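Here is what each chain is made of, one letter per residue.
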Amino acid sequence: MSKKLGDITTIIKDNVGDITITADQHAIDAVNFLSNLFPLAKIDSTKTTTANQNYITAPTGLIRVLRITIAGVEIDKLPDLDYLQYSEDNDLQRWYEFDGKIMFAENFSVTGQVVKIWYDGSYVVPTSVVDTDVPDEMMELVYAGGTYRYYRKMVSVVAVAREIYPNVTVDQITKIRDQWFKELQSLITQLKTNR
């Protein structure tokens, strides 16, 4: 099943009943929302240590680090930044996340040791040429989420542009939005139950 941006927006447009709408951002936002709700379990073993450095760049799409090993040795997470000085004073290697990097309490002494990172990651954002990696069983969430986002935006558009939509009231569009929100919530509940 192709999961490029155009394929996703085609379904959103079909749900809305209007092939002329622009739905790209709604589809992208739905994929990003799904990343936070049901992140992908990933492992990155492409990073290596650099002597006299105390950080590595976080993997692309990192949401949350779960576990780290360096040269096969488990490194504990720093429980709180208040413990950083204690870890440094006692030569305890610990890690924490900061500013797009995974920081370590101690500088690395060796270059080239493999850093293996287990983490929750985001889904690939679809483009016109790149498929998203959202699993097939979760694509209905993307379609419903994108459609809900379209109607959420339309509530404010109808409210401020009455001359463009004279035959639609804010209450009418709000009811449609609310129905799509219920559909989205139902799909989320089903997926959580089946996982």
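Before going into details, it helps to say that this report is about the structure given with it. (Residues numbered from 1 in each chain as written. Predicted model: local features only at pLDDT ≥ 70, side-chain atom pairs only at ≥ 80, totals over all residues. Heavy atoms only, no water.)

### Describing the overall build of the protein
The helix and strand tally for the protein stands at five helices and seven strands. Listing each helix as α and each strand as β along the protein from the N terminus yields α-α-β-β-β-β-α-β-β-β-α-α. Here the protein has a C-alpha radius of gyration of 22 Å; the compact-globule value for 195 residues is 16 Å, and the former is much larger. Dimensions of the protein, computed from the C-alpha atoms along their principal axes, are close to 70 × 35 × 30 Å. (Helix = DSSP H or I, 4+ residues; strand = E, 2+ residues; numbered from the N terminus. Rg over C-alpha atoms; globule rule 2.2 N^0.38 Å.)

### Topic: the pattern of salt bridges
Opposite charge on two side chains permits pairing when their charged atoms draw close. One pass over the full model with this rule turns up six salt bridges. The shortest N-O distance in the salt bridge between Lys3 and Asp136 comes to 3.0 Å. In this pair, Lys3 sits in the segment before α1 (5-16) while Asp136 sits in the loop between β7 (114-121) and α4 (139-160), placing the two residues 133 residues apart along the sequence. We classify Asp136 as partly exposed; its relative accessible area is 46%. (Salt bridge = Lys/Arg side-chain N within 4 Å of Asp/Glu carboxyl O. Buried < 20%, exposed > 50% of the residue type's maximum accessible area, 1.4 Å probe, protein only.)

### Some details on the sheet that holds strand β5 (residues 94-98)
Within a sheet, neighbouring strands are paired by backbone hydrogen bonds and run either parallel or antiparallel to one another. Across the sheet, seven strands lie side by side as β1-β7-β3-β4-β5-β6-β2; this open sheet has mixed pairing. What marks the edges here is a single partner per strand, and that holds for β1 (40-48) and β2 (55-57). Adjacent strand axes in the sheet meet at a mean angle of 35°, parallel and antiparallel pairs treated alike. Alignment of β5 against strand β6 (residues 101-104), held across four bridges, turns out to be antiparallel. If you follow Trp95 over to β6, its bridge partner there is Phe104. (Pairing = 2+ DSSP bridges. Axes fitted to C-alpha atoms, helices over the stretch in contact; angles between N-to-C directions.)

### Brief notes about the pairing of β6
Pairing between β2 and β6: three bridges, direction antiparallel. When the sheet's bridge partners are listed, Ile56 is paired in β6 with Ile102. Hairpin remark: β5 followed by β6, antiparallel, with two residues in the connecting loop; positive phi at Asp99, about 55°.

### Considerations on the environment of Thr50
By the secondary structure assignment, Thr50 is in the loop between β1 and β2. You can call Thr50 partly exposed: its relative accessible area is 34%. If we ignore the near neighbours within four places in the chain, the residues touching Thr50 are Phe108, Val110 and Thr111. (Contact = heavy atoms within 4.5 Å.)

### Some points on helix α2 (residues 24-37)
Here α2 is 14 residues long and its end C-alpha atoms lie 20 Å apart, about the 20 Å a rise of 1.5 Å per residue gives. The set of residues buried in α2 consists of His26, Ala27, Ile28, Ala30, Val31, Leu34 and Ser35. In this structure, the buried residues of α2 make contact with α1, β3 (62-70) and α4. (Expected span 1.5 Å × (residues − 1).)

### What to know about the nonpolar core
Residues Leu34, Phe38, Tyr123, Val134, Leu141 and Val142 are the most contacted members of the largest nonpolar core, which totals 32 residues. Contributing elements (two or more residues each) for this core: α1, α2, α4 and α5 (170-194). Considering each element in turn, this core owes the most residues, 11 residues, to α4. Among all residues touching Val142, those that are not within four sequence positions of it are Ile8, Ala27, Ala30, Val31, Leu34 and Val134. Grouped together as the second largest cluster of nonpolar side chains are 13 residues, Ile56, Val65, Ile102 and Phe104 included. (Core = buried A, V, L, I, M, F, W, Y, C linked by side-chain atoms within 4.5 Å.)

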